[in-house]
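Below, each chain spelled out in residue letters.
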Amino acid sequence: MKFISIDEAIKNGKGKVALRGWIYRERGSNQLKFLVLRDSTDIIQCVIDKDRISEKEWNDADKLLIESSVELEGEIAKDKRAPTGYEVKVSKLNVIHFAEKYPITKDQSIEVLADYRHLWVRSRRMTAILKIRSTVFGAIHEFFRKKGYYEFHSPIIIPGGAEEGPTLFEVKYFNQKMYLTQTWQLYAEAAMFSLEKIYSINPSFRAEKSKTSRHLTEYWHTEVEVAWFNLYDLMDLCEDLVKHIIIKVLKENKKELKILERDVKKLEPVVKNKFPRMTYSEAVELLNKKGMKVSWGKDLRTIEEEKIMEGYDTPVFVTHYPKDAMAFYKPKDPKNPKVAVCFDMLGPEGNGELVGGSERDTNINELIKTLKKKGENVKDYDYFLDTRKYGSIPHGGFGMGTERMIKWICGLDSIKDAIGFPRTMTRFKP
Ligand code: 4AD
Ligand code: MG
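By convention here, each chain's residues receive numbers from 1 onward along its written sequence. Following the order in which they are written, the chains are lettered starting with A and the ligands numbered starting with 1. In keeping with the predicted nature of the model, local features appear solely for residues at pLDDT of at least 70, side-chain atom pairs appear and are counted solely at 80 or more, and the whole-chain, interface and lining totals rest on all residues. Excluding hydrogens and water, the side-chain values take into account all heavy atoms of the structure.

K.L.:
How should I be thinking about the site of ligand 1 in this particular structure?
P.N.:
A molecule or strand has a residue near it when one of that residue's heavy atoms lies within 4 Å. Near ligand 1 lie 23 residues; those nearest to it are Glu163, Gln185, Leu216, Glu223 and Glu353. In short, Shrake-Rupley with a 1.4 Å probe defines the accessible areas, and a residue's cover is counted only from the protein chains shown. Relative to its unbound accessible surface of 630 Å², ligand 1 loses 95% to contact with the protein. For the shell around ligand 1, the secondary-structure elements that each account for two or more residues are strand S11 (218-227), strand S17 (352-359) and strand S18 (395-401). Looking at the shell around ligand 1 residue by residue, the class counts come to seven nonpolar, eight polar and eight charged. Numbering of helices and strands runs from the N terminus, with a helix taken as a DSSP run of H or I at least four residues long and a strand as a DSSP run of E at least two residues long. Each residue gets one label: Ala, Val, Leu, Ile, Met, Phe, Trp, Tyr, Cys and Pro are nonpolar, Asp, Glu, Lys and Arg are charged, and the others, such as Gly, are polar.

K.L.:
Help me understand the side chain of aspartate 42, please; the structure alone is not making it clear to me.
P.N.:
In this structure, aspartate 42 sits in the loop between strand S2 (32-38) and strand S3 (43-49). Polar contact is the term for a pair of N or O atoms within 3.5 Å; when the atoms are in protein, one must be able to donate a hydrogen and the other to accept it, and sequence-neighboring residues count only if both atoms are side-chain atoms. Here the side chain of aspartate 42 touches lysine 255 through a polar contact of 3.2 Å, side chain to side chain. Whether two residues are in contact is decided by their heavy atoms: any pair within 4.5 Å suffices. Those residues within four positions of aspartate 42 in sequence are excluded, and the remaining contacts are Ile6, Asp7, Ile10, Leu37, Thr84, Arg124 and Lys255.

K.L.:
Explain empty space enclosed by the protein here, please?
P.N.:
Using a probe with the size of a water molecule, rolled over the atoms, empty space left in the structure can be pinpointed. Cavities and pockets are found on a 1 Å grid laid over the protein atoms alone: a cavity is a set of points where a 1.4 Å probe fits but cannot escape, a pocket is an open set with protein on both sides within 12 Å along at least five of seven lines, and a lining residue has an atom within 4 Å of such a point. Grid points are joined across faces, edges and corners, and a volume is the space filled by probe spheres set on the points. Under the definition given, this model contains three cavities of 30 Å³ or more. Quantified by volume, the largest cavity comes out at close to 130 Å³. Along the wall of the largest cavity there are 14 residues; nearest its centre are Asp39, Ser40, Asp42, Arg124 and Thr127. Elements that contribute at least two residues to the lining of the largest cavity include exactly helix H5 (124-146) and helix H8 (254-259). Per element, the largest residue contribution to the lining of the largest cavity is four residues, and it comes from H5. For the lining of the largest cavity, a count of residues per class yields three nonpolar, three polar and eight charged.

K.L.:
Explanation requested: the pairing of strand S9 (residues 176-180) in the structure shown.
P.N.:
Regular strands place side chains that alternate from one sheet face to the opposite one. Strand direction decides the pairing type here: strand S7 (residues 157-158) and S9, joined by two bridges, are antiparallel. Its bridge partner lying in S9, isoleucine 158 is registered against tyrosine 179. DSSP calls a pair of strands paired once it identifies at least 2 bridges connecting them. Relative to S9, strand S8 (residues 169-173) is paired through five bridges, and the arrangement is antiparallel. What sits directly across from phenylalanine 169, in S9, is leucine 180. Connecting S8 to the antiparallel partner S9 that follows it, the hairpin turn spans two residues, and phenylalanine 174 within it adopts a positive phi of roughly 50 degrees.

Put into structure tokens, the structure is as follows:
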């Protein structure tokens, strides 16, 4: 017989089926065994009756521990008591591998689950998250490709920084010191002159010492760089991208969102409503009105971002942050030189900064001045500054923390669950 997946079998709902997968749960008596089988698509209860199967098969079934792999055949039928509403009466059982006693049992601590991550990825919860993650990545590619963007790849090992220095990871590169990239951006700005509209989903690295629920040291960065775009074009593009991702997940991952007990009503306003926009100065005013003492000039911290987001059920764009607190490439606003032409997109439900973007400074003297002020070696940026010497044009881009998006969409407590094998300062194994 041809093997089919569990969800196909459930869709068929009747007749003979051949299934294969792993034992998700098992219990039984000396006459009947109830095995819950799982594969990547779903779980299904399978019942083995001692009288309807050979002695060898019965003895094998008796020895099956959780996560043993099996092939089986049987008759599928509706059964209200079964966990997914169907049951298979097994007529044939072939054990592929008898598993040892599974080290993951019920109600284990987060730390134990992290130590056994290589096994925990098989859990229904992780399987659901990884499927949603796959949808998110697919949706991003689809969004940009439909709009005629090219996928461009930058090097991962780079000679210098772009964002704040302290989060650079050093790499011993033969006899030289190099770094793991924090962003694709500086190379993207060079490639933009060739391709005009480019995007990428690439690993980025930040030596973050903070232990928060939103920081990884290795994350997948969705980045875009566009010729001729200004701040408002960028925010429109960003909003459309976020909406496209959410629409896709709501459509394709109903089952997974249910497994995660995600309240999808919280995501629906995101698709329907326009994301509000406010300036940093307005945000500071709002915070002070709400009783927080925030002085103008500092980058916003998590607690401040959360306070701003109270009462919003969609992301909010905060624009025009203080120039001095921003990365060197963000240009000053010609109308107000104290602020940069940039934005952050803050997520609802305490998710904070999901996206950061800006127009790019095209004034080579300003760039050099800012780099010096930040203590950078201007020589390291020669290749970048060259882009401002040969047909420089207005352009801009943004970067989205893909795991932060996934954390938000899935309603996860920690960003660590938004990726198969998370890397943080304290967690790097397995
Ligand atoms: O705001 P950031 O640092 O901006 C840049 O790197 C720009 N060069 C992007 C660009 O314009 N091409 O990072 C962008 C986003 C943040 O908004 C955040 O969502 C995510 O990357 N991010 C992290 N995600 C997980 N773990 C970390 N340690 C992150 N650091 C930033
Ligand atoms: Mg940022």
